[in-house]
Amino acid sequence: MKTKRIVYIGNHLQGSDRNITTIGTLSAQLSELGYAVRIFSSRKNKLVRLLHMLLGVLRFGRGSQLVLIDTYSTQNFYYAVAVGNLCRLLRIPYVPILHGGNLPERLQKNRSQAYKLFHGAKTNVAPSGFLMDAFASEGYKNLTHIPNTFDLDQYSFLLRKSIRPKLLWVRAFADIYNPMLAIEALEALLKHYPDASLCMVGPDKDGSLAECEAYAISKNLPVTFTGKLSKNAWRDLSVKYDIFLNTTNFDNTPVSVMEAMALGMPVVSTHVGGIPYLVTDDVDGILVPPDNKEAIVSAVRALCAQAEKGEALSRAARKKVEAFDWEIVKH
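Residues numbered from 1 in each chain as written. Predicted model: local features only at pLDDT ≥ 70, side-chain atom pairs only at ≥ 80, totals over all residues. Heavy atoms only, no water.

**Q** Would you mind going over the pairing of strand β4 (residues 94–98) in detail, with residue names and values included?
**A** When a strand is regular, its side chains alternate between the sheet's two faces. When you tally the buried positions in β4, you get five out of five residues, the bulk of the element. Because side chains alternate across β4, one face comprises the buried residues Tyr94, Pro96 and Leu98, and the other comprises Val95 and Ile97, equally buried. Note on the crossover from strand β3 (residues 66–71) through helix α3 (residues 77–90) to β4: the handedness is right-handed. (Buried < 20%, exposed > 50% of the residue type's maximum accessible area, 1.4 Å probe, protein only. Helix = DSSP H or I, 4+ residues; strand = E, 2+ residues; numbered from the N terminus. Right-handed = clockwise from strand over helix to strand, strands pointing away.)

Here it is in structure tokens:
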């Protein structure tokens, strides 16, 4: 049987200071299914990375069944635009995988480029109902819903019988994810719970980590900064904490939130982007307005006061994310 070949375009930047992204996990999963996957690019310099991506398509695109393009809403959006232009020129079918929680704004801000990129695609893969709805409302019909996925058997469910304000935050330190809000919420919680604490896991992306560390030190707050951890390491760490906190200002369907739901941690998250499509408020998590520490404090206090509420949210959350297991989604 002829091997099916795929060119996968995205930011495959590796190192101790970076979280693994979709291109790393999905390319490995596709390879295990028998696909020959060529990845572009791991080059650190942005211009060199773009050139490497384009050269990859030129060299291997015509011999492949498909070009996959990780598509984000930040500056990396222009990588997808350039690669899409080349694929259309060479008549190579391509599929953008939509990741950016702020992509709906790109549809407005860069209307011409977005139209060419997304209308010219074989299909556009949306991992959330949020992006499906946003693109459909702009007239796009070539859409396929494939949720973000993970290996569920790697996540042992732990039901917290009693909940204390032991908070875990897992994300890259970047302004769009609003890490400072987690620290400010902890500071407010300490007035009610002297034993409250916060652990923040993730690499720095834009200098936010140093800012958060400086603030925590200046206020003598019980915040632990671990830097980047492997998935195994932060899963093991999670048993020491009772509540998962997600403070982002923009988002799609973050895998870290899905993982927390699988681990049995009650989730308190901002109500932004695709989060309401993943977390149903007061059913399998608690949603709060963005940039609102008082709402986070209220949610955490409710969980601490009502153990049965946390149990119900945790069981429902685990049940929901079972649908995102790779063994189901891969088909």
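**Q** Residue-level account of the packing of helix α7 (residues 179–189) against helix α8 (residues 208–218), with values.
**A** Orientation of α7 relative to α8, taken along the N-to-C sense of each, is 15 degrees, at an axis distance of 9 Å. One element, α7, and the other, α8, form an angle in the roughly parallel class. Seen along the crossing, α7 lies across α8 with a hand that is right-handed. When α7 is examined against α8, the residues Pro179, Met180, Ile183 and Glu187 are found in contact with a partner set consisting of Ser208, Glu211, Cys212 and Tyr215. Looking at the contact of α7 with α8 residue by residue, the classes come out as five nonpolar, one polar and two charged. (Axes fitted to C-alpha atoms, helices over the stretch in contact; angles between N-to-C directions. Parallel < 35°, antiparallel > 145°, perpendicular 65-115°, else oblique. Left-handed = near helix turned anticlockwise from the far one by under 90°. Contact = heavy atoms within 4.5 Å. Nonpolar A, V, L, I, M, F, W, Y, C, P; charged D, E, K, R; others polar.)

**Q** Please set out a negative patch on the surface residue by residue, giving values where relevant.
**A** Taken together, Asp175, Asp204, Asp206, Glu211 and Glu213 make up a surface patch of like negative charges. Relative to the elements of secondary structure, Asp175 occurs in the loop between β7 (166–170) and α7. (Patch = residues over 30% accessible without salt bridge, like charges linked within 9 Å, V, L, I, M, F, W, Y side chains within 5 Å. Areas by Shrake-Rupley, 256 points an atom, 1.4 Å probe, with all protein chains shown as cover. Salt bridge = Lys/Arg side-chain N within 4 Å of Asp/Glu carboxyl O. Lys, Arg positive; Asp, Glu negative; His and termini not counted. Charge placed at Lys NZ, Arg CZ, Asp CG, Glu CD.)

**Q** Any chance you could break down the environment of Pro179 for me, citing the residues and the numbers?
**A** You can see Pro179 is positioned in helix α7. Overall, the relative accessible area of 3% leaves Pro179 in the buried class. Taking the C-alpha atoms as reference, Pro179 lies 37 Å from Gly120; in sequence the two are 59 residues apart. Setting aside chain neighbours within four positions, we find Pro179 in contact with Trp169, Phe173, Ala174, Met200, Ser208, Cys212 and Thr247.

**Q** Break down the sheet that holds strand β12 (residues 286–288) for me, citing the residues and quoting the values.
**A** Sheets are built from strands paired through backbone hydrogen bonds, the pairs being either parallel or antiparallel. In spatial order, the strands read β9-β8-β7-β10-β11-β12; together these six strands make up an open sheet with parallel pairing. Of all strands in the sheet, those with a lone pairing partner are β9 (223–227) and β12, marking the two edges. Geometrically, the sheet is characterised by an average inter-axis angle of 20 degrees between neighbouring strands, direction not taken into account. Contacts from helix α9 (residues 231–238) reach β7, β8 (197–201), β9 and β10 (243–246) within the one sheet, and its direction differs from that of β7 by about 165 degrees. (Pairing = 2+ DSSP bridges.)

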